[in-house]
Amino acid sequence: MRLRPYAEQDRPLTAELEGDAEVMAHLGGPAPGGRAESVHERRVAGREGEWYRTILADPDDEPAGVVAVFRSVWEGREIHELGIMLLPGRARRHGLAAGAVRLAVEEVRASGLVREVHAFIGAENRAAGVVARRTGFVNHGPCDVDYEGVPIRCEHWILRL
């Protein structure tokens, strides 16, 4: 597997991810009309100090999902947050999530711009918690976050770089 910068060609991937009930189960459900478009535009535009990457699965290099480290605000201060979404079925196997997280974190670490990365994982999303633990994140306990206007009970994970 490999990562490449998220691009205009990833619009259908984002629409598929944001509209999938299984993918969005821990994020308040499938995106209402128009949200996938705004998410795509935000990813394409990017900002300095943000990394949006498309996950390409070997051997076919078909897009399997998106991994990102982006700026966010937590408790009144700017942080860098990690998020990952994988297509159901074909993409959730063989350590693809952990591999994508490791590659993204290596790129962020190499930049020297970020001291720690946060992840807010739905409290019921056990698989994502396992990936976080396997990739070096430490669980700092439960918290409540707002995802696109939807309140979600999460576990707050932090990776110090």
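Structure: above.
Residues numbered from 1 in each chain as written. Predicted model: local features only at pLDDT ≥ 70, side-chain atom pairs only at ≥ 80, totals over all residues. Heavy atoms only, no water.

1. A short note on helix α4 (residues 126–134)
Put simply, the rule reads: The classification of residues rests on relative accessible area computed with a 1.4 Å probe and restricted to protein chains. Under 20% of the type maximum is buried, over 50% is exposed, and intermediate values are partly exposed. For helices the rule is a DSSP run of H or I covering at least 4 residues; for strands it is a run of E covering at least 2, with both sets numbered from the N terminus onward. Picture the helix axis, draw a direction to every C-beta atom, and the arc is the one those directions span. Contact criterion: two residues are considered in contact whenever any of their non-hydrogen atoms come within 4.5 Å of each other.
Where α4 is concerned, the buried positions are G129, V131 and A132. Each buried residue of α4 sits inside an arc of 160 degrees when the element is viewed along its axis, so together they form one side. The exposed set on the far side of α4, more than 90 degrees from its buried face, consists of R126, A127, R133 and R134. Tucked inside the fold, the buried residues of α4 contact α3 (96–111), β5 (116–122) and β7 (150–160). In the stretch just after α4, G136 is the one whose phi turns positive, near 100 degrees.

2. Notes on the side chain of D10
Which entries qualify depends on this criterion: Polar contact criterion, stated in full: a pair of N or O atoms within 3.5 Å, where within protein one must be able to donate a hydrogen and the other to accept it, and residues adjacent in sequence count only if both atoms are side-chain atoms.
Take D10: it is sitting in the loop between β1 (2–5) and α1 (11–19). For D10, a relative accessible area of 1% translates into the label buried. Looking at D10, its side chain comes within polar contact range of the side chain of R4, at 2.9 Å. A distance of 2.8 Å separates a polar side-chain atom of D10 from the backbone nitrogen of A7. Ignoring anything within four residues of it in the chain, the contact list for D10 reads R4, P5, H40 and T54.

3. Brief notes about the nonpolar core
Worth spelling out the cut-off: Here the nonpolar core consists of buried residues drawn from Ala, Val, Leu, Ile, Met, Phe, Trp, Tyr and Cys, with membership extended through side-chain atoms lying within 4.5 Å.
Grouped together as the largest cluster of nonpolar side chains are 26 residues, with contacts concentrated most on I55, V67, L82, V117 and F137. Taken together, the elements giving at least two residues each to this core come down to β2 (51–57), β3 (62–74), β4 (77–86), α3, β5, α4 and β7. Here this core takes eight residues from α3, the largest share from any one element. The contact partners of L82, leaving out residues within four places of it in the chain, are V67, A68, V69, F70, V101, V105, V117, H118, A119 and F137. Formed by ten residues, the second largest nonpolar core is a distinct cluster that contains Y6, L13, M24 and V66.

4. Re the environment of P63
Relative to the elements of secondary structure, P63 occurs in strand β3. The partly exposed category is assigned to P63, whose relative accessible area is 26%. For the pair P63 and H94, spaced 31 residues apart in the sequence, the C-alpha separation amounts to 15 Å.

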